[in-house]
Amino acid sequence: MNRTTLSLIACTVALAAVTGFAAFDPPAASGTSAAGSATERPVERTGLLCPAPSFSDIADTAYTSFTPVTQGAGSGGKAALEAATEQSADGKGGKGGGKKDKAVLTPKPPGTPAVGDTSGSDTPALIGTADGKYAPGWTVQETTRIAAGTGSGLQGVTCTPADTDFWFPGASTAKGRTDYVHLTNPDDGAAVVDIKLYGKGGALKSTVADGITVPPHSSEPVLLSTLTDDPQTDLTVHVGVRSGRVGATVQAQDDAGGGDWLPAAADPAAGLVLPGIPKDATDVRLVAFTPGDDDADLKVRLASPNGSITPAGNETVHVKAGMTSAVDLGPVTRGEPGSLILTPTDKAVPVVAALRVVRGKGSSQETAYIPATAPVGRRATAADNSAKGTTLSLTAPTANATVKVTASAGSGGGTPATKTYTIKSGTSQDVSAPTGGKGTYALTVEPVSGGPVYAARTLTGSSDGVPGFTIQTLPSDRGLVAVPRAEQDLSVLQR
């Protein structure tokens, strides 16, 4: 083996530890690994992107930043959130006239939430970076209250890292809907993005011939109805990045039924879990899409506190290749919290899916979205919780699981508190989160033993009789990265 090869190996290991983007298998759950297999290390740098929260002048937005305490993390570092404004080549600023906006908050050291707020329609998208001890599991929540008008109610989104491929089943260009896809570019070079729309009859003809350019350090909201002349009630949006990378999130707003953020669904897979349907949901609509050439037939199960049931009349759903399918499940939870589990009836065909969830009726209703999500993994984190307005949902679709839930100290002080729960196979449980602090706090979810666990967090807050709520799924907080471990010191090898 020559020195060039050794250098490449060393660089790969270093890059994995710094960025957290390595794709090696994690070690065994017991923490033991064979020589030469992967080991886990805290990430040393991470980035998050928060979309511009609202176009409403009467919107109030709260931001919460939290980094969980991670064993083995460094002692130094910092974290910051800055406005996404286009920068000139000399770094003095383009849009915004070179003026540096005041940060909405200053992140605090691991274990303590930091909070900040803004109001109005001119709040920009935010670009966040964290390194050192601030990086592992860094989570930022954006929660907006809109008093009236389109999208009124509670809207929430967990800020996400940049990527190059996103699927959004559940969007719409129908009358009464105003859906935007927000694209944020954190890098020094422009990003070129392609947006493709798929309705019930397949791909829609787009009015945009070329890709959409997102300048450096900037954010572009794209109104979906301007991309097609064919209104669709149920739409799947695919965002593919031709060059560069972006953060992408859909803001779905209804003139009559409120609205919320629709985050990207988990990567296409044959089996999907959509956790955290509230017990008082008055209507649940499943939207699914398969990007391949084969149709998909899916078995539909609802995991409830007492086991899994098959919704009457909706035992299966057929998803035609390249076409968006939608099924109205009605008040499927019927007074008990639940999570939807989709599995192939026969042939395994990758699918993406999301749920549109409604609470309330008539003029007093609000909407939220639950995309199919990845399991918790080693740990998941949710910021911006309160003693009365937070519900945590845990689902174990295939096997019993033991889960540790920790509430951090609050933004106003206090001490962390931990509870352990056992979730039976095939069930979904709403658990009472522990509280040990004053003010806003963060939750971490850590599986201890058993099968995979899926989680979601619901925030509620009624205003003038409208049951405002928002739901965020809890995949891994990306605090740890798998790094290959060498069997011997490669530096001693010669040509």
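Residues numbered from 1 in each chain as written. Predicted model: local features only at pLDDT ≥ 70, side-chain atom pairs only at ≥ 80, totals over all residues. Heavy atoms only, no water.

**Points about the side chain of D234**
- Relative to the elements of secondary structure, D234 occurs in the loop between β14 (218-223) and β15 (235-243).
- Here the side chain of D234 touches R285 through a polar contact of 2.8 Å, side chain to side chain.
- Filtering out sequence-adjacent residues up to four positions away, D234 remains in contact with A171, Y198, G199, K200, R285, V287, T324 and A326. (Helix = DSSP H or I, 4+ residues; strand = E, 2+ residues; numbered from the N terminus. Polar contact = N/O pair within 3.5 Å; in protein donor to acceptor, adjacent residues only side chain to side chain. Contact = heavy atoms within 4.5 Å.)

**Considerations on the packing of aromatic side chains**
- Within this structure, the stated rule accounts for five aromatic pairs.
- For the ring pair W167 and Y198, a centre distance of 6.4 Å and an interplane angle of 35° mean the geometry is tilted. Of the two residues, W167 sits in strand β9 (residues 165-171) while Y198 sits in strand β11 (residues 191-199), which places them 31 residues apart along the sequence.
- The exposure class of W167 is buried, given its relative accessible area of 8%.
- Residue class for Y198 comes out buried when judged on its relative accessible area of 15%.
- Between Y198 and F289, the ring centres sit 4.7 Å apart and the planes meet at 40°, which makes this aromatic pair tilted. With a gap of 91 residues between them, Y198 in strand β11 and F289 in strand β19 (residues 281-289) connect regions that are remote in the sequence.
- With a relative accessible area of 1%, F289 lands in the buried category.
- One aromatic cluster is present, built from ring pairs that chain together W167, Y198 and F289. (Phe/Tyr/Trp six-rings, centres within 6.5 Å; stacked < 30°, edge-to-face > 60°. Buried < 20%, exposed > 50% of the residue type's maximum accessible area, 1.4 Å probe, protein only.)

**Here's the deal with the state of the cysteines**
- Enumeration according to the criterion identifies one disulfide in this entry.
- A sulfur-sulfur separation of 2.0 Å characterises the disulfide bridge that pairs C50 with C159. Here the S-S torsion is close to 110°, and the disulfide linking C50 with C159 is therefore right-handed. Taken together, the residues C50 in strand β2 (residues 45-50) and C159 in the loop between β8 (153-158) and β9 connect sequence positions 109 residues apart. Neither residue differs from the other here; C50 and C159 are each classed as buried. (Disulfide = S-S within 2.5 Å.)

**Brief notes about the sheet that holds strand β29 (residues 401-407)**
- With antiparallel pairing, the four strands of this open sheet are ordered in space as β27-β32-β29-β30. With one partner strand each, in any of the chains shown, β27 (380-385) and β30 (417-423) form the two edges of the open sheet. Between one strand and the next, the sheet's axes are offset by a mean angle of 25°, whatever the strand orientation.
- Of the pairings in the sheet, the one linking β29 to strand β32 (residues 441-450) comprises seven bridges and is antiparallel in character. (Pairing = 2+ DSSP bridges. Axes fitted to C-alpha atoms, helices over the stretch in contact; angles between N-to-C directions.)

**Examining the pattern of salt bridges**
- By the definition in use, this model includes ten salt bridges.
- R177 is paired through a salt bridge with D179; the nearest N and O atoms lie 2.7 Å apart. This pair shows no difference in class: R177 is buried, exactly as D179 is.
- Between R379 and D477 there is a salt bridge; the shortest N-O distance is 2.7 Å. Taken together, the residues span a long stretch of sequence, with R379 in the loop between β26 (364-371) and β27 and D477 in the loop between β34 (469-473) and β35 (480-484) at a distance of 98 residues.
- Judged by its relative accessible area of 6%, D477 is buried. (Salt bridge = Lys/Arg side-chain N within 4 Å of Asp/Glu carboxyl O.)

**Some points on the sheet that holds strand β33 (residues 454-460)**
- If you walk across this open sheet you meet the four strands as β31-β28-β33-β34, and the pairing is antiparallel. Only two strands of the sheet have a single partner each, and these edge strands are β31 (427-431) and β34. Taking each pair of neighbouring strands and ignoring which way they run, the sheet shows an average axis angle of 20°.
- As defined by bridge partners, strand β28 (residues 390-396) adjoins β33 across six bridges and the pair is classed as antiparallel. Paired with T395 across the bridge in β33 is Y454.

**Notes on the nonpolar core**
- Formed by 29 residues in total, the largest nonpolar core has its most connected members in L274, I277, L286, L340, L342 and L355.
- Ignoring anything within four residues of it in the chain, the contact list for L340 reads L272, V273, L274, I277, L286, V300, R301, L302, L329 and L355.
- Of all hydrophobic cores here, the second largest spans 26 residues; its members include I195, L227, V241 and V246. (Core = buried A, V, L, I, M, F, W, Y, C linked by side-chain atoms within 4.5 Å.)

**Quick notes on the confidence of the model for the chain**
- Looking at the chain, the pLDDT average stands at 87 and 86% of residues meet or exceed 70.
- Within the model, pLDDT remains below 50 along residues 1-36, and this stretch shows 50 contacts once partners closer than five positions in the same chain are excluded.
- Across residues 490-495 the pLDDT falls below 50, and counting only partners more than four positions away or on other chains, this stretch makes seven contacts in the model. (pLDDT = per-residue confidence, 0-100.)

**Considerations on the pairing of β11**
- Within β11, seven of the nine residues are buried, which leaves it mostly tucked inside the rest of the structure.
- Two elements, β11 and strand β13 (residues 212-214), share three bridges in a ladder whose sense is antiparallel. Residue pairing across strands places V192 opposite T213, the latter belonging to β13.
- In terms of strand pairing, β11 meets strand β12 (residues 202-203) through two bridges, oriented antiparallel. By the bridge assignment for β12, Y198 is matched with A203.
- The hairpin turn running from β11 into β12, its antiparallel successor, is two residues long.

**Let's talk about the side chain of T458**
- One can find T458 in strand β33.
- Every residue in contact with T458, bar those within four places of it in the chain, is listed here: G276, G389, T390, T391, F469, T470 and I471.

**Looking at the environment of A130**
- Within the fold, A130 resides in strand β6 (residues 126-131).
- With relative accessibility at 1%, the residue A130 sits in the buried group.
- Through-space distance from the C-alpha of A130 to that of R45 is 5.7 Å; in sequence the pair is 85 residues apart.
- Not counting the four nearest positions on each side in its chain, A130 is found in contact with E44, R45, T46, K78, A79, A135 and W138.

**With respect to unusual backbone geometry**
- Positive phi, close to 55°, is recorded for H217, a residue that is not glycine.
- Turning to its location among the elements, H217 is positioned in the loop between β13 and β14.
- Residue H217 is classed as buried on the basis of its relative accessible area, which comes to 19%.
- Phi is positive for R478, which is not a glycine, with a value near 60°.
- Structurally, R478 is set in the loop between β34 and β35.

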